[in-house]
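So you can see what is in the structure, the chains are spelled out below.
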Amino acid sequence: MSSSSLLLLAMGNPLLDMQVVNKPELLENYGLKPNDAVLAEGNQSEIYNDLQTNYQVEYVAGGAAQNAARGAQYVLPEGSTAYLGAVGADSLADQLRAANDKEGLKSAYQVVDDKPTGACAVVITGHDRSLCTTLGAAESFSPSHLDKPEIKELIERAQNFYLGGFFLTHGLESALVLAKHAAEKNKPFAMNLSAPFIPQFFKSQVDEILPYVDVLIGNESEAEAFAASHEWDTKDIATIAQKLAALPKKNEATPRLVVITQGASSTIAASTSSSLVPSGLKSFPVSPLAADKIVDTNGAGDAFAGGFLGARALGKGVDEAVEAGHKMGQMNVQLSGPTFKFPKVQI
Ligand code: 26A
């Protein structure tokens with residue numbers, strides 16, 4: 001293994017996306033909202049068989065943090081990124097490895113023998129995407145994986161970390177291993193809020209990791225869900241972003257940066273430090289994209305996170321990093337699924 005620097009080490013739930021377009025009856029049949037992300041419950045766990053048997057499915061590498069890590073690799077020099085997560089000993093995992101290999105993301109998977117690789121049913125209707133996930137092996141990620149010499153070496157070598165907030169449904173202990181290492185070594189630790197149900201139903205896990213989070217990324221509905229679960233009496237995104245930035249931090253040497261995307265509306269950045277965000281708050285307009293250019297929005301937020309984190313890992317300022325995020329998000333929505341354009345275009 002090369003001893004060169006690893007610019008980003010991400011951790012999350014590796015999933016294979018099973019994407020179906022314009023079948024609104026699926027939302028009704030399985031009680032799904034048009035634009036949401038949930039863990040499959042009750043009859044929702046039957047959707048995967050239904051899709052495979054009765055629908056035309058596009059299979060594509062997913063898993064929110066894995067998508068973002070591929071996005072970061074897109075803007076970084078070869079061999080700059082690696083990804084941690086648990087998969088089964090099956091062909092789904094091989095598909096994920098192949099997708100990562102193709103884009104230069106190193107898969108540092110834990111292989112779980114008794115569970116299948118996780119899957120996400122992605123129901124696309126218009127510009128909305130409904131994500132319904134069965135975690136399978138992803139849920140069995142164990143902290144012991146992080147003790148293996150080859151993984152320890154990756155952690156030591158990593159200069160930046162990224163955690164999918166989704167991982168907090170099961171993996172707080174492992175997440176804290178990376179978070180504490182990052183705080184001790186003064187390396188930036190980034191996290192995504194991932195979905196409204198994370199700050200809503202996994203509030204204690206979010207609150208336990210947040211003091212270690214140097215860079216918090218999310219969208220407007222996740223920010224609102226955080227505010228609601230913390231009984232902040234506001235729905236104003238700029239106010240929420242500033243309050244998130246001001247929450248206590250373990251590593252006081254690094255001020256927190258909060259970045260909230262709002263689909264086609266402006267992205268908001270907030271920090272308590274004017275060296276990161278002048279006057280503490282900045283709004284970045286998103287350049288408009290004609291509606292007919294949008295193929296689907298699956299992975300758009302992850303693409304933003306990837307572009308943003310990749311640019312930050314290269315030492316770029318917040319303005320340039322948001323611009324890279326916007327470009328990656330815009331590229332992503334013009335393609336099917338959480339994918340990027342190859343051969344690469346300059347970001
Ligand atoms: C725990 N859950 C619900 C999840 C996910 C998830 N990734 C990790 N954990 N639910 C959906 N995704 C992924 O989000 C991407 C779009 O942002 C999907 O696999 C999809 O590629």
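Further up the page is the structure itself.
An account of the accompanying structure is given in this report. Please read all numbers here as calculations on a predicted model, not as lab measurements.

## Focus: the state of the cysteines
Disulfide: a covalent bond formed between the sulfur atoms of two cysteine residues. Under the definition given, this model contains zero disulfides. Looking at Cys120, it has no disulfide partner, and the nearest cysteine sulfur is the one in Cys132, 7.3 Å off. Classification of Cys132 as buried rests on a relative accessible area of 0%.

## Quick look at the sheet that holds strand 14 (residues 281-284)
Taken together, nine strands build an open sheet; the order of strands is 6-5-1-9-10-11-12-13-14 and the sheet is mixed. The open sheet is flanked by strand 6 (105-112) and strand 14, the only strands paired with a single partner. Each strand of the sheet is rotated relative to its neighbour by a mean of 20°, with strand direction disregarded. Summarising the sheet, strand 11 (residues 215-219) and strand 12 (residues 257-262) pair through five bridges and their orientation is parallel. Across the sheet, the residue bridging to Leu216 is Val258, located in strand 12.

## Digging into the site of the ligand
In the region of the ligand, 18 residues are neighbours, and Asp17, Gly63, Asn67, Thr133 and Asp302 sit closest. With respect to the ligand, the side chain of Thr133 contributes an N or O atom lying 2.8 Å from a nitrogen atom. A distance of 2.6 Å is found between an oxygen atom of the ligand and a side-chain nitrogen or oxygen belonging to Asp302. Look at the ligand: alone it shows 470 Å² of surface, and the protein chains cover 97% of it. At the level of secondary structure, the elements contributing two or more residues to the shell around the ligand comprise strand 2 (15-21), strand 3 (36-39), helix 3 (64-75) and strand 8 (128-134). Across the shell around the ligand, the residue classes break down as nine nonpolar, seven polar and two charged.

## What to know about the packing of aromatic side chains
Enumeration according to the criterion identifies eight aromatic pairs in this entry. Centroid distance Tyr74 to Phe342: 5.3 Å. Interplanar angle 70°. Geometry classified as edge-to-face. Linking Tyr74 in helix 3 with Phe342 in the segment after helix 12 (318-333), this pair joins segments that are 268 residues apart in sequence. Tyr74 gets classed as buried once you look at its relative accessible area, which sits at 5%. Judged by relative accessible area, Phe342 falls into the partly exposed class, the value being 36%. Where Phe304 meets Phe308, the ring centres are 5.9 Å apart and the plane angle is 20°; that geometry is what we call stacked. One end of the pair is Phe304 and the other is Phe308, both in helix 11 (residues 300-313) and four residues apart, which spans about a single turn.

## Considerations on the nonpolar core
Judged by nonpolar contacts, the single largest core of 60 residues is most densely connected at Leu9, Leu84, Leu163, Phe189, Met191 and Ile209. Broken down by element, the residue count for this core peaks at six residues, all from helix 6 (residues 172-184). Apart from residues no more than four positions distant in its own chain, Leu163 is found in contact with Met11, Leu168, Ala175, Phe189, Ala190, Met191, Asn192 and Ile209.

## What to know about helix 3
Residues three or four positions apart in an α-helix share a direction because the helix packs 3.6 residues into each turn. An ideal rise of 1.5 Å per residue puts 16 Å on twelve residues; helix 3 measures up with 17 Å between its terminal C-alpha atoms. For helix 3, the buried fraction is high: eleven of the twelve residues fall into the buried class. Within helix 3, burial applies to Ala65, Gln66, Asn67, Ala68, Ala69, Arg70, Gly71, Ala72, Gln73, Tyr74 and Val75.

## What to know about the pairing of strand 1 (residues 8-11)
Neither face of strand 1 is exposed, since Leu8 and Ala10 on one face and Leu9 and Met11 on the opposite face are all buried. Relative to strand 5 (residues 81-88), strand 1 runs parallel, the two being bridged by four bridges. By the bridge assignment, Leu8 is partnered in strand 5 with Thr81. Across three bridges, the pairing between strand 1 and strand 9 (residues 161-164) is parallel. The residue bridging Met11 from the neighbouring strand is Leu163, located in strand 9.

Conventions we followed
- Residues numbered from 1 in each chain as written.
- Predicted model: local features only at pLDDT ≥ 70, side-chain atom pairs only at ≥ 80, totals over all residues.
- Heavy atoms only, no water.
- Disulfide = S-S within 2.5 Å.
- Buried < 20%, exposed > 50% of the residue type's maximum accessible area, 1.4 Å probe, protein only.
- Pairing = 2+ DSSP bridges.
- Helix = DSSP H or I, 4+ residues; strand = E, 2+ residues; numbered from the N terminus.
- Axes fitted to C-alpha atoms, helices over the stretch in contact; angles between N-to-C directions.
- Near = heavy atom within 4 Å.
- Polar contact = N/O pair within 3.5 Å; in protein donor to acceptor, adjacent residues only side chain to side chain.
- Areas by Shrake-Rupley, 256 points an atom, 1.4 Å probe, with all protein chains shown as cover.
- Nonpolar A, V, L, I, M, F, W, Y, C, P; charged D, E, K, R; others polar.
- Phe/Tyr/Trp six-rings, centres within 6.5 Å; stacked < 30°, edge-to-face > 60°.
- Core = buried A, V, L, I, M, F, W, Y, C linked by side-chain atoms within 4.5 Å.
- Contact = heavy atoms within 4.5 Å.
- Expected span 1.5 Å × (residues − 1).

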